[in-house]
Amino acid sequence: MAPSKPISSSQQQSGLAMHILGAVAFVHLLNDLVQAMLPSIYPMLKAEFALSFTQVGLITLTFQCTASLLQPWIGLYTDRRPLPFLLPVGMCFTLAGVLMLAVVSSFPTLLIAAGLIGVGSSTFHPEASRVARMASGGRYGFAQSLFQVGGNVGSALGPLLAAAVIVGRGQGNIAWFSLMTLLAIGVLYSVSRWYSGHLASFKPKAGGHAGPNLSRNKVLGALGVLALLVFSKYIYMASLSSYYTFYLIDKFHLSIGSAQMYLFLFLASVAAGTFMGGPIGDRIGRKRVIWISILGAAPFTLLLPYVDLFWTAVLTVIIGFVISSAFSAIVVFAQELVPGKVGMIAGIFFGLMFGVSGIAAAAMGHLADISGIAYVYKLCSYLPLLGILTVLLPHIEQAKK
């Protein structure tokens, strides 16, 4: 009787957990779709509000900083005291930001709207990442990838929906995106009820994982290396997600709609790469995936500023696929370095991702005003070479055996 009880309970949990994992991935899609709408309408906002590239960068900085600064603190607090209700409540900030974005009439209120969308993101990611890990059944790389790929698919769809619904039809049409956030709030309400009901059964597992046999200094050093890798990856990604349409319009004289189709191709390749990175990391080791992903993108990024339109499209698809496969591996690697701090680690790395992207976008906007958008891509092309730092990471997969 004693063995049969846990078996049946685990089977019951695993079916339900997959359902919950799919739900948080779907909400990540909706959340990032709404976020991707913002940079997609930059050309429209630039013309409508007579913005400089520096001001465009400041919009990204405001959004990314509000999205990043709160995340580690929310993750740290909820590691000790989980807050399931924070999932639907946080998405209400995104809803407010979208509705405000549809009616603002000045640059400062534009920044406030972007900031509200960022606050919604900062409350969503740490808790949703914890739910994904709880629902993983031990397949942490797969769960993190599925969760992350939801966001990447949303990021890819954002420019297409923005082109179809907003561009050429006016600022007021941004309000249609509030339907996405309302749907997300409804799904997150159900997820938060499951999360609340299963906290007790998952708590023992959180404390049951021993970390790698490394000194505190080695753990901190490894986290520092991972942070630098995120730095190199996301500054480069920010150059594409925020300014790729401007680059295509400036260099190849494309229309806004055509440029957004190329942006969609890049973001779709990012989604595919993200999905592949986690499961491959579960099989061959996360350190190998990080090596291949970041350093492996360098030859293609170095070629990109010097090719024609066709090869620009081809290279950005390759770059998106290769470089995006690292993030799930980096997050899970960090969570294994510091067991029991899932929310804090997710908050730090998602926060670092948003913060680095925001600061980089603002700096690149200013640089584009001074030296031109093509110069930005030449400078950023060297960033993936920082992937060589992966050699400094410990072999924690081997240490666990």
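All values derive from a computational prediction rather than experimental measurement. (Residues numbered from 1 in each chain as written. Predicted model: local features only at pLDDT ≥ 70, side-chain atom pairs only at ≥ 80, totals over all residues. Heavy atoms only, no water.)

Undergrad: Explain the environment of Ala227 to me, and be specific about the residues and the numbers.
TA: Examined against the element boundaries, Ala227 turns out to sit in helix α9 (residues 216–252). We classify Ala227 as partly exposed; its relative accessible area is 25%. (Helix = DSSP H or I, 4+ residues; strand = E, 2+ residues; numbered from the N terminus. Buried < 20%, exposed > 50% of the residue type's maximum accessible area, 1.4 Å probe, protein only.)

Undergrad: Please give an account of the packing of α9 against helix α14 (residues 326–337) that cites residues and values.
TA: In helix packing, the relevant descriptors are the interaxial angle and the interaxial distance, both defined with respect to the helix axes. With their axes 10 Å apart at the nearest point, α9 and α14 run at an angle of 165° to one another. Judged by the inter-axis angle, α9 sits roughly antiparallel to α14. In terms of crossing hand, the pair formed by α9 and α14 is left-handed. Facing Val219, Ala222, Leu223, Leu226, Leu229, Val230, Lys233 and Tyr234 of α9, the residues of α14 in contact are Ala326, Phe327, Ile330, Phe333, Ala334 and Leu337. (Axes fitted to C-alpha atoms, helices over the stretch in contact; angles between N-to-C directions. Parallel < 35°, antiparallel > 145°, perpendicular 65-115°, else oblique. Left-handed = near helix turned anticlockwise from the far one by under 90°. Contact = heavy atoms within 4.5 Å.)

Undergrad: Just give me the short version of empty space enclosed by the protein, but keep the residues and values in it.
TA: Applying the stated criterion across every chain yields a total of 3 cavities of 30 Å³ or more. Looking at the lining of the second largest cavity, the elements that each hand over two or more residues are α6 (107–134), α7 (140–165) and α14. Among the elements that take part in the lining of the second largest cavity, α7 stands out by supplying 3 residues, more than any other. Here the lining of the second largest cavity is built from residues that sort into 4 nonpolar, 3 polar and 1 charged. (1 Å grid on protein atoms, 1.4 Å probe; cavity = no way out; pocket = protein on both sides within 12 Å on 5 of 7 lines; lining within 4 Å. Points joined across faces, edges and corners; volume = space filled by probe spheres on them. Nonpolar A, V, L, I, M, F, W, Y, C, P; charged D, E, K, R; others polar.)

Undergrad: Summarise helix α13 (residues 309–324); cite the residues concerned and give the values.
TA: For α13, which comprises 16 residues, the first-to-last C-alpha distance of 22 Å matches the rise-based estimate of 22 Å (1.5 Å per residue) to within 8%. Among all positions of α13, only Thr312, Ala313, Leu315, Thr316, Ile319, Gly320, Val322, Ile323 and Ser324 are buried. Residue Asp308 occupies the N-cap position of α13, its side-chain oxygen lying 3.4 Å from the main-chain nitrogen of Phe310. (Expected span 1.5 Å × (residues − 1). Polar contact = N/O pair within 3.5 Å; in protein donor to acceptor, adjacent residues only side chain to side chain.)

Undergrad: How would you summarise the side chain of Ser239 if you had to cite specific residues and measurements?
TA: Along the polypeptide, Ser239 turns up in helix α9. Classification of Ser239 by relative accessible area gives buried; the value is 0%. In terms of polar contacts, Ser239 uses its side chain to reach the backbone carbonyl oxygen of Tyr236, at 2.5 Å. Setting aside its immediate chain neighbours within four residues, Ser239 contacts Tyr244, Met364, Tyr377 and Cys380.

Undergrad: I'd like a rundown of unusual backbone geometry, residues and numbers included.
TA: At Ala50, a residue that is not glycine, the phi angle is positive and equals roughly 55°. Here Ala50 is to be found in the loop between α2 (42–48) and α3 (53–69).

Undergrad: Account for α14, with residues named and values stated.
TA: Here α14 contains 12 residues, and its C-alpha end-to-end distance of 16 Å stays within 8% of the 16 Å for a straight helix at 1.5 Å per residue. Taken together, the buried positions of α14 are Ala326, Phe327, Ser328, Ala329, Ile330, Val331, Val332, Phe333, Ala334, Gln335, Glu336 and Leu337.

Undergrad: Talk me through a nonpolar patch on the surface; I want residue IDs and the actual numbers.
TA: A contiguous nonpolar surface patch, about 500 Å² in accessible area, is contributed by Phe275, Met276, Ile280, Ile284, Ile292 and Phe321. With 4 residues, the single largest contributor to the nonpolar patch is helix α10 (residues 256–284). Inspection of the secondary structure puts Ile280 in helix α10. A residue is classified by how much of its surface remains accessible, and Ile280, at 34% relative accessible area, is partly exposed. (Patch = residues over 30% accessible without salt bridge, like charges linked within 9 Å, V, L, I, M, F, W, Y side chains within 5 Å. Areas by Shrake-Rupley, 256 points an atom, 1.4 Å probe, with all protein chains shown as cover. Salt bridge = Lys/Arg side-chain N within 4 Å of Asp/Glu carboxyl O.)

Undergrad: So what's going on with the packing of aromatic side chains? Which residues, and what values?
TA: Under the criterion given, the structure shown has 8 aromatic pairs. With 5.2 Å between their ring centres and 80° between their planes, Phe310 and Trp311 make a pair best called edge-to-face. Site record: aromatic cluster; members linked through ring pairs are Phe53, Tyr243 and Phe246. The lysine or arginine in question, Lys46, covers the ring of Phe53, its NZ or CZ lying 4.7 Å from the ring centre. (Phe/Tyr/Trp six-rings, centres within 6.5 Å; stacked < 30°, edge-to-face > 60°. Lys NZ or Arg CZ within 6 Å of the ring centre and 35° of its normal.)

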